[in-house]
Structures are given as C-alpha cells and as structure tokens.
Amino acid sequence: MVTVAELLGLLLVSVLWGCTNPLLKRGTEGIEDVKKSNKLSQLLAEVKFLFLNLKYLVPFILNQSGSLVYYYTLSTTELSLAVPVANSLTFICTLLTGKLLGEEFGGKQAVVGMFLTMAGITLCVASSIDDTGQQALH
C-alpha cells in the first residue's frame, strides 16, 4: 500500500531533480570557453570549472540529494509506482522551473502534456491504493 510519506518522498525527489535541471543548465554557461591543448587537460579544466562554480555546484548537490531520497524511497515503495511518478513529476517541475527562469515553455502542447502526465500519475496512485484495498478484503 502506498503511504502519504512515500508519496511525499517521491514529490520531494521530483522537486529536487526537476527544479535543479534548469539551474544546472545555467550553471554550465561558459564551459564552452574552456580550451586546453589535449583531451585530459580539457577534461580536468572542465571539471575544475564546474566544481569551482557555485551556480553549478549548489544545484548539483541538491540534485544528488534528490537521488539519495529516491534510493531510500525505492526501498519502501513499489517500483511500478515510484519510477513513473518520480520521473513524470520531475518533467513537470523542470518545465515549470524553466518557465520561471524565462526559458521557452513549449506552448499548448506542453500544457496538454502536463495534464496528461498528471492524469497518468493519478491513475497510477489510484490503482496502487485500490489494489491494496482489494487485497485487504481477501
């Protein structure tokens, strides 16, 4: 049976992942200007650029903390519920955060997609609750 705590955990994961995605994108601005002579030096210079850049590092740490919450939530929640709910809500959080930051939204198709995603999540949660209720009766 899905509990409120499990749903809140999945929501927290989605917010941490989804809201940090546009911030991570912004934090990488300027990395294309990092130029070195060979591939290893290039890689090390890019890693240094990212991890000394607070605009990237803070969202990265928040994003990874979302992964920790996700792994914990997976240990207590059904996979058939956790994976679609977390990934779908992450998509919605990414769209909304991107819009707040001034990115293109995607128009009417994005809005329709968000409503369809929410309908699908609602069906997943409802079926999980309904299945456990039916099992309790038998």
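What counts as what
- Residues numbered from 1 in each chain as written.
- Predicted model: local features only at pLDDT ≥ 70, side-chain atom pairs only at ≥ 80, totals over all residues.
- Heavy atoms only, no water.
- Helix = DSSP H or I, 4+ residues; strand = E, 2+ residues; numbered from the N terminus.
- Rg over C-alpha atoms; globule rule 2.2 N^0.38 Å.
- Buried < 20%, exposed > 50% of the residue type's maximum accessible area, 1.4 Å probe, protein only.
- Contact = heavy atoms within 4.5 Å.
- Areas by Shrake-Rupley, 256 points an atom, 1.4 Å probe, with all protein chains shown as cover.
- Lys, Arg positive; Asp, Glu negative; His and termini not counted.
- Charge placed at Lys NZ, Arg CZ, Asp CG, Glu CD.
- Core = buried A, V, L, I, M, F, W, Y, C linked by side-chain atoms within 4.5 Å.
- Expected span 1.5 Å × (residues − 1).
- Arc of directions from axis to C-beta.
- Polar contact = N/O pair within 3.5 Å; in protein donor to acceptor, adjacent residues only side chain to side chain.
- pLDDT = per-residue confidence, 0-100.

> Mind showing me how you'd approach the overall build of the chain here?
A tally of helices and strands in the chain yields five helices and zero strands. Start at the N end of the chain and walk to the C end: the helices and strands fall as α-α-α-α-α. Relative to the compact-globule value of 14 Å for 138 residues, the chain shows a C-alpha radius of gyration of 19 Å, a clear excess of over 25%. With respect to the three principal axes, the spread of C-alpha positions in the chain is 70 × 35 × 20 Å. Expressed as a percentage of its 138 residues, the buried residues of the chain come to 35%. For the chain, long-range pairs separated by at least 24 residues make up 72% of all intrachain contacts whose partners lie at least 6 apart in sequence. Counting only carbon and sulfur atoms, one obtains 69% of the accessible surface of the chain, whose full area is about 9,000 Å². When the 9 basic and 10 acidic side-chain charges of the chain are each reduced to a single mean position, those positions are 16 Å apart.

> Where do I start with the nonpolar core in this structure?
As a rule of thumb, nonpolar side chains are buried together in soluble globular proteins. Val2, Leu10, Val13, Trp17, Tyr70, Leu81, Ala82, Val85, Ala86, Leu89, Ile121 and Val125 form the largest nonpolar core, which has twelve residues in total. Of all the elements in the fold, those that place two or more residues in this core are α1 (4-27), α4 (79-100) and α5 (107-137). When residues in this core are grouped by element, the largest group, five residues, is from α4. In contact with valine 2, not counting residues within four places along its chain, are Leu7, Leu81, Ser128 and Ile129.

> Mind showing me how you'd approach helix α2 (residues 39-51) here?
For an α-helix, 3.6 residues make a turn, and residues three or four places apart therefore share a direction. Between its first and last C-alpha, α2 extends 18 Å over 13 residues, near the 18 Å set by a 1.5 Å rise per residue. Taken together, the buried positions of α2 are Gln42, Ala45 and Leu50. Buried residues along α2 cover an arc of 130 degrees about the axis, so they all sit on one side. Opposite the buried face of α2, at more than 90 degrees from it, the exposed residues are Leu40, Leu44 and Lys48. On its buried face, α2 sits against α3 (54-76). Near the N-terminus of α2, the side chain that reaches the backbone nitrogen of leucine 40, with its oxygen 3.2 Å away, is that of asparagine 38.

> I tried to follow the confidence of the model for the chain on my own but got confused; where do I start?
Reading predicted coordinates in detail is not appropriate for stretches of low pLDDT. Residues with a pLDDT of 70 or more make up 93% of the chain, whose mean pLDDT is 87. Here α5 stands out as the element of the chain with the lowest mean pLDDT, 74, in contrast to α3, whose mean of 95 is the highest.

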